[in-house]
Structures are given as structure tokens and as C-alpha cells.
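# Per-entry structural report
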Amino acid sequence: MLRLKIKTARREKVLELSPGNRDLIHYLDSDEVKYPFGCRSASCGVCRAKVHEGLDLLEDAGELEEDTLNRCGATSSTHRLMCRTRLKKLEAGQISIESEDDG
Ligand code: FES
């Protein structure tokens, strides 16, 4: 089982990820979670999250994501953009993220 722990300014939630979709935005973009998104195209940085656990379960960041994280004063070794982040595969483990948007 793969679990995703999410902390935002307004709530904390734990989701069990279902087989079939490896894009984290698929799980975060719901009324249940209300994760903060802006452009949804890796340019604004609103969706950046500190990854406390499970970074090894995520695909590597691409060049555009790295550039945006750098502009926000972060790197992909500690943070990821949730509009771009994909799971490597659906395996057992836990990913823990914290939004840095306090809006
Ligand atoms: S929503 Fe703008 S970078 Fe992800």
C-alpha cells in the first residue's frame, strides 16, 4: 500500500493511492484535499511542497521544475512541484508532503 500524507495551511489528510494514476496532482486536486495550485504548468511555484518522506518514490524533476524551484529558493532534493510530480511506480511506502503556500 502506498500512502500520501498531505499537510497544508488548513488541513492534514492521509490518502491511500490507487493503482492506475502516477500523477500526484490527480490525488491532490480534489475537494477533499484542496491543495493549493496556481498555473498547473510548473511556472508559478504555488504548488511547491517540502517532501519530508518518500522522495525516493518520486520520478526525478525535469529542467523546468528545477528552474522554478530554484527561483523559489528551493531544490528538488528537498522540494517538488505537485503539478509536475509523478510516482516512479505504485509500490508500498509512504510519501509525506507539506505545502509552503499558506494561502
Ligand atoms: S501550480 Fe504553478 S508551479 Fe505548480
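Here, the structure is the one placed above.
Residues numbered from 1 in each chain as written. Predicted model: local features only at pLDDT ≥ 70, side-chain atom pairs only at ≥ 80, totals over all residues.

## Quick word on the overall build of the chain
This is how the line gets drawn: Strands here mean DSSP runs of E at least two residues long; helices mean DSSP runs of H or I at least four residues long; both are numbered from the N terminus. In this description the radius of gyration comes from C-alpha coordinates, and the expected globular size is given by 2.2 Å times residues to the power 0.38. By the convention adopted here, residues make contact when the C-beta atoms placed from their backbones lie within 7 Å.
On a plain count of helices and strands, the chain comes out with 2 helices and 5 strands. Reading the helices (α) and strands (β) of the chain from amino to carboxyl end gives β-β-α-β-α-β-β. Expected size for 103 residues packed as a compact globule is a radius of gyration near 13 Å; at 12 Å, the chain falls within 12% of this value. Oriented by its inertia axes, the alpha-carbon framework of the chain measures out at about 35 × 30 × 20 Å. The contacts in the chain between residues at least 6 apart in sequence include a share of 68% that link residues at least 24 apart.

## A closer look at the environment of Thr68
For Thr68, the location among the structural elements is in helix α2 (residues 63-71). Residues Thr68 and Arg48 lie 20 residues apart in sequence; the distance between their C-alpha atoms is 9.3 Å. Setting aside residues no more than four positions away along its own chain, Thr68 makes contact with Ala42, Ser43, Gly45 and Leu81.

## Re the pairing of strand β5 (residues 93-99)
Rules: Here, any two strands with at least 2 DSSP bridges between them count as paired.
Of the pairings in the sheet, the one linking strand β1 (residues 2-7) to β5 comprises 6 bridges and is parallel in character. Following the sheet pairing, Leu2 is matched in β5 by Gly93. For strand β3 (residues 48-53) and β5, the ladder comprises 4 bridges, and the chain directions are antiparallel. Note that in β5 the partner of Glu53 across the bridge is Ser96.

## Considerations on the sheet that holds β1
Keep this limit in mind: Every axis in this analysis is a line fitted to C-alpha atoms, fitted for helices over the stretch in contact. Angles between the N-to-C directions lie between 0 and 180 degrees.
Read across the sheet, 5 strands follow the order β2-β1-β5-β3-β4 without closing on themselves; strand pairing throughout is mixed. Looking at the sheet topology across the chains shown, the edges are occupied by β2 (12-16) and β4 (79-81). On average, each strand axis in the sheet is tilted by 30° relative to the strand beside it, whichever way the strands run.

## Focus: the nonpolar core
Applied cut-off: By definition, a nonpolar core groups buried Ala, Val, Leu, Ile, Met, Phe, Trp, Tyr and Cys residues that connect through C-beta atoms lying within 7 Å of each other. Here exposure depends only on C-beta density: within 10 Å of a residue's C-beta, 20 or more other C-beta atoms make it buried, 12 or fewer make it exposed, and intermediate numbers make it partly exposed, the C-beta atoms being placed from the backbone.
Formed by 16 residues in total, the largest nonpolar core has its most connected members in Ile6, Leu28, Leu81, Met82, Cys83 and Ile97. Going through the elements one at a time, β1, α1 (24-28), β3 and β5 are the ones with two or more residues in this core. A per-element tally of this core places α1 first, with 3 residues. Ile97 has contacts with Ile6, Ala49, Lys50, Val51 and His52, leaving out every residue within four places of it along the chain.

## Section: α2
Put simply, the test is: Directions drawn from the helix axis to the C-beta atoms are what define this arc.
Within α2, burial applies to Glu65, Thr68 and Leu69. Angularly, the buried residues of α2 cover 100° about the axis, an arc narrow enough to put them on a single face. Opposite its buried face, α2 presents the exposed residues Glu63, Asn70 and Arg71, each directed more than 90 degrees away. Gly73 sits one or two positions beyond α2 and adopts a positive phi of about 80°.

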